[in-house]
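Chain by chain, the residues run as shown.
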Amino acid sequence: MRAIDEIVPARADTPTLQVERVRRDFPILQRPMNGRPLVYLDSAASAQKPQAVLDEMTRFMREDYANIHRGVYALSQRSTALYDAAREKVARFIHAADPREIVFVRNATEGINLVASSYGRQFLEEGDEVLLTQMEHHANIVPWQLLRQDKGISLRVAPITDEGELDMEAFERMLTDRVKLVSVVHVSNSLGTVNPVKEIVSRAHGRGIPVLIDGSQAVQHMPVDVRDLDADFYVFTGHKVYGPTGIGVVFAKLRHLEAMPPYQGGGLMILSVTFERTELAPPPQKFEAGTPNIVGAVGLGAAIDYVSSLGLADIHAHESALLAYGTELLREIPGLRLIGTAREKASILAFVMDGMSPQAIGAALGRSGVAVRVGHHCTQPLMDRLGIPGTTRASIGLYNTREDIEALAISLRRL
């Protein structure tokens, strides 16, 4: 058996991200797991939180917390300003033209449900088609199935290759006059495939078809510019970009938000209410009924500040180097087969091993202090397409190191 440094020698052109300094920002990485140093390779499920995010959320609750957009006293006005500032940070982070194009929701799942329930019910009719791909997360399948039950729309599914790439020729053929919306993942959570979303949007817009992009596995790994993509809708979730759970984002072009009916009704999303009629607030308030996750929004803003301070280009270079390193190491392991070998990939090392279930592999790795995900990863149709019940998935974050990847490979060799 060859030593790891014989398989892939150390690179001279290492990225500029100072990962050892970064790791000190994450308190949980200092604690052991099962008596061993924690090797956290499950950031695609949920990323760990830097001290800066924890501190800002605690400080906000201790010093500035009050309900927002209602009080005229100083504390409420301060809380409102911080909540609104978080929206502005998100807009700058993804290069939205206007903070009013940013709607806060609980997570990306709720974001897609919002678009399906509001835009879909308003503008899609019986017989219209929504075009998806075979690599979609359940969150980008089930809401459209629910809309199909209510409105009689049809779902079309663009195929992928055995390597996990979208078949763009088939996708183009499926863009018929019946398609009224395309909804596609930016980066596959199960394969790591980076879809050519700018090209997808261009081809769809050439036929007058709006596009929703699920960016839950993208914004933390690479720069995203929704204006450059020309996306109609772009959703992502806070807890995967090193922020708290319970907060997510829907970007939508302002003209869409102005034309869409509200997703929920209640306080804050109104200008006036009588028992006879309600006058709605303008976007984005129209889609944020009730007291929102104020603390979560502030935490997301802090997470965006943190990621932006490191530089997404440097994060992308660092993670890409680790992905290449891990790909070579895992390919050397007898009986292991990588799942998802697209030419453009990000962050994901998914695999199966002869004679072992993903659950058994994950449990064994966990005993060695290596935290990974196992199962179908909420992409059961994708697993059916690949002819497997599930995979073991190691996913890379900005705090991972070559030593983390080596620990994974060594543990797998032992198996």
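Residues numbered from 1 in each chain as written. Predicted model: local features only at pLDDT ≥ 70, side-chain atom pairs only at ≥ 80, totals over all residues. Heavy atoms only, no water.

**A few points about the environment of Arg 207**
Here comes step 1: Assignment of secondary structure puts Arg 207 in the loop between helix 8 (197-205) and strand 8 (211-214).
Here comes step 2: Residue classification places Arg 207 among the partly exposed positions, given a relative accessible area of 44%.
Here comes step 3: With 84 residues separating them along the chain, Arg 207 and Phe 123 place their C-alpha atoms 16 Å apart.
Here comes step 4: Setting aside anything within four residues of it in sequence, one finds Arg 207 in contact with Glu 172, Leu 175 and Asp 177. (Helix = DSSP H or I, 4+ residues; strand = E, 2+ residues; numbered from the N terminus. Buried < 20%, exposed > 50% of the residue type's maximum accessible area, 1.4 Å probe, protein only. Contact = heavy atoms within 4.5 Å.)

**Examining unusual backbone geometry**
Here comes step 1: Along the chain, Pro 283 connects to Pro 284 via a cis peptide bond; the corresponding omega equals 0°.
Here comes step 2: With respect to the helices and strands, the residue Pro 284 is situated in the loop between strand 12 (278-280) and helix 11 (294-310).
Here comes step 3: Even without a glycine there, the phi angle at Ser 347 is positive, about 70°.
Here comes step 4: We classify Ser 347 as buried; its relative accessible area is 3%.
Here comes step 5: Backbone geometry places Cys 378, a non-glycine residue, at a positive phi of 60°.

**Thoughts on the pairing of strand 6 (residues 154-158)**
Along a regular strand, successive side chains alternate from one face of the sheet to the other.
Here comes step 1: When strand 5 (residues 129-133) meets strand 6, the two strands line up parallel, connected through 5 bridges. Pairing of Leu 131 across the sheet is with Arg 156, part of strand 6.
Here comes step 2: Of the crossover connections in this fold, the one passing from strand 5 over helix 6 (residues 142-151) to the parallel strand 6 is right-handed. (Pairing = 2+ DSSP bridges. Right-handed = clockwise from strand over helix to strand, strands pointing away.)

**Observations concerning the sheet that holds strand 13 (residues 336-339)**
Here comes step 1: Read across the open sheet, the 4 strands follow the order 13-14-17-16; overall the sheet is antiparallel. In this open sheet, the two edge strands, each paired with only one partner strand, are strand 13 and strand 16 (373-375). Going across the sheet, the axis of each strand differs from the next one's by a mean of 30°, ignoring polarity.
Here comes step 2: Two elements, strand 13 and strand 14 (residues 348-353), share 4 bridges in a ladder whose sense is antiparallel. Counted as the bridge partner of Leu 336 is Met 353 from strand 14.
Here comes step 3: Helix-sheet contacts for helix 13 (residues 358-367) involve strand 14, strand 16 and strand 17 (391-395), and the interaxial angle to strand 16 is about 160°. (Axes fitted to C-alpha atoms, helices over the stretch in contact; angles between N-to-C directions.)

**Considering the environment of Gly 375**
Here comes step 1: Looking at the element boundaries, Gly 375 is found in strand 16.
Here comes step 2: The spacing of Gly 375 and Ser 190 is 185 residues in sequence and 9.8 Å in space, taken between C-alpha atoms.

**Overview of the packing of helix 3 (residues 51-63) against helix 11**
Here comes step 1: With their axes 9 Å apart at the nearest point, helix 3 and helix 11 run at an angle of 145° to one another. Two packed elements cross with a definite hand, and for helix 3 against helix 11 that hand is right-handed. Where helix 3 abuts helix 11, its residues Ala 52, Val 53, Glu 56, Met 57, Phe 60 and Met 61 lie against Ile 294, Val 295, Val 298, Gly 299, Ala 302, Ala 303 and Tyr 306. (Left-handed = near helix turned anticlockwise from the far one by under 90°.)

**Considerations on the pattern of salt bridges**
Here comes step 1: What the rule picks out here adds up to 24 salt bridges.
Here comes step 2: Here Arg 203 and Glu 172 are joined by a salt bridge, their closest N and O atoms 3.2 Å apart. A residue pair is termed long-range when its members are at least 10 positions apart, and Arg 203 in helix 8 and Glu 172 in helix 7 (residues 168-174) qualify at 31 residues.
Here comes step 3: Taken together, the shared-partner salt bridges in this structure form one network comprising Glu 56, Arg 59, Glu 63, Asp 64 and Arg 78. (Salt bridge = Lys/Arg side-chain N within 4 Å of Asp/Glu carboxyl O.)

**Focus: empty space enclosed by the protein**
Here comes step 1: A complete count under the given rule lists 1 cavity of 30 Å³ or more for this structure.
Here comes step 2: Within this model, the largest cavity holds a volume of roughly 40 Å³.
Here comes step 3: Considering the residues around the largest cavity, the lining is formed by His 221, His 316, Glu 319, Ser 320, Lys 345, Ala 346 and Ser 347.
Here comes step 4: Of the residues that constitute the lining of the largest cavity, the class distribution is 1 nonpolar, 4 polar and 2 charged. (1 Å grid on protein atoms, 1.4 Å probe; cavity = no way out; pocket = protein on both sides within 12 Å on 5 of 7 lines; lining within 4 Å. Points joined across faces, edges and corners; volume = space filled by probe spheres on them. Nonpolar A, V, L, I, M, F, W, Y, C, P; charged D, E, K, R; others polar.)

**Quick notes on the sheet that holds strand 4 (residues 102-105)**
Here comes step 1: As summarised here, the arrangement of the 7 strands in space is 4-10-9-8-7-5-6, forming an open sheet in which the pairing is mixed. What marks the edges here is a single partner per strand, and that holds for strand 4 and strand 6. Between one strand and the next, the sheet's axes are offset by a mean angle of 20°, whatever the strand orientation.
Here comes step 2: The strands touched by helix 5 (residues 108-123) are strand 4, strand 7 (179-185), strand 8, strand 9 (233-237) and strand 10 (248-252); relative to strand 9, the strand with the most contacts, the crossing angle is about 150°.
Here comes step 3: Strands in contact with helix 8 are strand 7 and strand 8; relative to strand 8, the strand with the most contacts, it is inclined by about 165°.

**With respect to the packing of aromatic side chains**
Here comes step 1: Throughout the structure, instances matching the rule amount to 9 aromatic pairs.
Here comes step 2: Here the aromatic rings of Tyr 119 and Phe 233 are separated by 5.3 Å at their centres, their planes lie at 70°, and the arrangement is edge-to-face. Of this pair, Tyr 119 sits in helix 5 while Phe 233 sits in strand 9, and the two are 114 residues apart along the sequence.
Here comes step 3: Clustering of aromatic rings is evident, with ring pairs tying together Phe 26, Tyr 40, Tyr 242, Tyr 306 and Tyr 399.
Here comes step 4: The ring of Tyr 325 carries the charged tip of Arg 402 above its face, separated from the ring centre by 3.8 Å. (Phe/Tyr/Trp six-rings, centres within 6.5 Å; stacked < 30°, edge-to-face > 60°. Lys NZ or Arg CZ within 6 Å of the ring centre and 35° of its normal.)

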